[in-house]
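Here are the chains, one letter per residue:
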Amino acid sequence: MVIRHMAALAAAFSMLGFATAVSAQETPITIATEGAYAPWNFTTADGKLDGLEVELANDLCARMKVQCTIVAQDWDGLIPSLTVGKFDVIMASMFITPKRLETIDFTQPYAVDPSGFAVAKDSDLGKLGLSAEKFKLDGGAGSIAAIEKLKPLLKGKIVGVQAATTNLEFLKEYFADTVEIREYKTTEQHDLDLSAGRIDALFAQQTALAATLAKAEFSGFTLAGPGFVGGVFGLGTGAGLRKEDTKLKEMLNGAIDAAIADGTIKRISEKWVKTDVTPVK
């Protein structure tokens, strides 16, 4: 009888552990995105969130078998709102950087997308056009030479950039003595100023700039120069989460691994940004 009773207790504890694991896995999560950074994330005319990261977020949630709600949050409130528990995950084209890792944690990268300039086609830099080269900001001679080559072509220009971003950090570190940096709360605001002629150039992720320049009002502008990765841009774009949410991080990393392995990230990125931004494993 004692052995039978102990076996029953063991089975009960085993089922309790299984139920707890399932319960943890089935706990709904809320994912925040900016909703104003097309084609990575944006708000449609009817108020719905869409874009590469919205589609990818839904895919990851399906793989984890977790019910997800996706909400919009202004860029500068993303990290503060995450830390106070307003939502559980950030998927908003946010680069994984040492500075951000002081406050929050990240999954592995789900995308690597170079940043670069958009300028008028008839400008000095615009005449050079887009380069296929991508430079890693590791202090090497190649990246420094590329930046020095750009400086005389941009000297005295007004460059728009979104505030509180790694793109702003890049401009401050490498071009503060060359250009006038103008900060904007959203990319939509700096896009408007470029089309109106109030600024000379934009600096942002090349895929986002390409989507902007595809609009009719930007027919006189082009992507120009090389792309930059690494350094202030960190390890790539990842999902942000609270440091204590280790189980959620493990689940998300597993889902991202699977989405990389079966080509889902490649397919989704080629659909939305016309290029493969899958991180190299």
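In what follows, the accompanying structure is described. (Residues numbered from 1 in each chain as written. Predicted model: local features only at pLDDT ≥ 70, side-chain atom pairs only at ≥ 80, totals over all residues. Heavy atoms only, no water.)

## Quick word on the overall build of the chain
Then, in step 1: A count of helices and strands for the chain gives eleven helices and 14 strands.
Then, in step 2: Burial status across the chain gives 51% buried among its 281 residues.
Then, in step 3: Long-range contacts, defined here as pairs at least 24 residues apart, represent 70% of the contacts in the chain between residues at least 6 apart.
Then, in step 4: On the chain, roughly 13,500 Å² of surface is accessible, and the fraction owed to carbon and sulfur atoms is 57%. (Helix = DSSP H or I, 4+ residues; strand = E, 2+ residues; numbered from the N terminus. Buried < 20%, exposed > 50% of the residue type's maximum accessible area, 1.4 Å probe, protein only. Contact = heavy atoms within 4.5 Å. Areas by Shrake-Rupley, 256 points an atom, 1.4 Å probe, with all protein chains shown as cover.)

## Let's talk about the pattern of salt bridges
Then, in step 1: Tallied over the entire structure, the rule returns 16 salt bridges.
Then, in step 2: When the shortest N-O distance is used, the salt bridge between K185 and D76 registers 3.0 Å. Of this pair, K185 sits in the loop between β11 (180-184) and α8 (187-195) while D76 sits in the loop between β5 (68-72) and α3 (78-83), placing them 109 residues apart in sequence.
Then, in step 3: Of the residues examined, D76 reaches a relative accessible area of 47% and is grouped as partly exposed.
Then, in step 4: Residue E244 is joined to R242 by a salt bridge in which the shortest nitrogen-to-oxygen separation is 4.0 Å.
Then, in step 5: Salt bridges sharing common partners tie together D88, R242, E244 and D245. (Salt bridge = Lys/Arg side-chain N within 4 Å of Asp/Glu carboxyl O.)

## Here we look at the environment of I181
Then, in step 1: Secondary-structure assignment places I181 in strand β11.
Then, in step 2: On a C-alpha basis, the gap between I181 and S195 in space is 17 Å, while along the polypeptide they are 14 residues apart.
Then, in step 3: With residues near it in sequence (within four places) discarded, I181 still touches V159, V161, L168, L171, K172 and A176.

## Description of the state of the cysteines
Then, in step 1: Inspection of the entire model under this criterion finds one disulfide.
Then, in step 2: Bridging C61 to C68, the disulfide has an S-S length of 1.9 Å. Disulfide C61-C68: torsion about the S-S bond near -95 degrees, hence left-handed. Summarising the burial analysis for this pair, C61 and C68 share the class buried. (Disulfide = S-S within 2.5 Å.)

## Considering the side chain of Q73
Then, in step 1: Tracing the chain through its elements places Q73 in the loop between β5 and α3.
Then, in step 2: On the basis of relative accessibility, which here comes to 12%, the residue Q73 falls in the buried class.
Then, in step 3: In this structure Q73 touches A32, T33, E34, L78, S81, K86 and F87, once residues within four positions along its chain are discounted.

## Focus: the pairing of strand β8 (residues 115-120)
Then, in step 1: Burial analysis of β8 places six of its six residues in the buried class, which makes it a mostly covered element.
Then, in step 2: For β8 and strand β13 (residues 221-229), the ladder comprises five bridges, and the chain directions are antiparallel. Looking at β13, one finds that F117 is bridged to A224. (Pairing = 2+ DSSP bridges.)

## Here's the deal with the nonpolar core
Then, in step 1: One finds I29 and M91 to be the most contacted residues of the largest nonpolar core, which totals 44 residues.
Then, in step 2: Among the elements of the structure, β1 (29-33), α2 (52-64), β8, β12 (201-205), α9 (206-213), β13, α10 (246-261) and α11 (264-273) are those that each provide at least two residues to this core.
Then, in step 3: For this core, the element with the most residues is α10, which contributes seven residues.
Then, in step 4: Setting aside residues no more than four positions away along its own chain, I29 makes contact with C61, M64, V66, Q67, C68, T69, D88, V89 and L248.
Then, in step 5: Among the nonpolar cores identified, the runner-up in size contains 25 residues, and F95, L137, V159 and L168 belong to it. (Core = buried A, V, L, I, M, F, W, Y, C linked by side-chain atoms within 4.5 Å.)

## Quick look at the pairing of β13
Then, in step 1: With respect to burial, β13 is a largely interior element, eight of its nine residues being buried.
Then, in step 2: Pairing of strand β9 (residues 130-136) with β13 involves four bridges; the strand directions are parallel. Bridge assignment links L130 to a residue of β13, and that residue is G225.

## Focus on the packing of aromatic side chains
Then, in step 1: Within the structure shown, the criterion is met by twelve aromatic pairs.
Then, in step 2: Here F117 and F175 contribute two aromatic rings whose centre-to-centre distance is 5.5 Å and whose plane-to-plane angle is 75 degrees, an arrangement assigned as edge-to-face. Linking F117 in strand β8 with F175 in the loop between α7 (166-174) and β11, this pair joins segments that are 58 residues apart in sequence. Neither F117 nor F175 differs from the other in exposure class; each is buried.
Then, in step 3: Among the aromatic residues, ring-to-ring pairing joins F95, F117, F135, F170, Y174, F175, F203, F228 and F233 into one connected group. (Phe/Tyr/Trp six-rings, centres within 6.5 Å; stacked < 30°, edge-to-face > 60°.)

## Points about the side chain of T212
Then, in step 1: Inspection of the secondary structure assignment puts T212 in helix α9.
Then, in step 2: Setting aside residues no more than four positions away along its own chain, T212 makes contact with D191 and F218.

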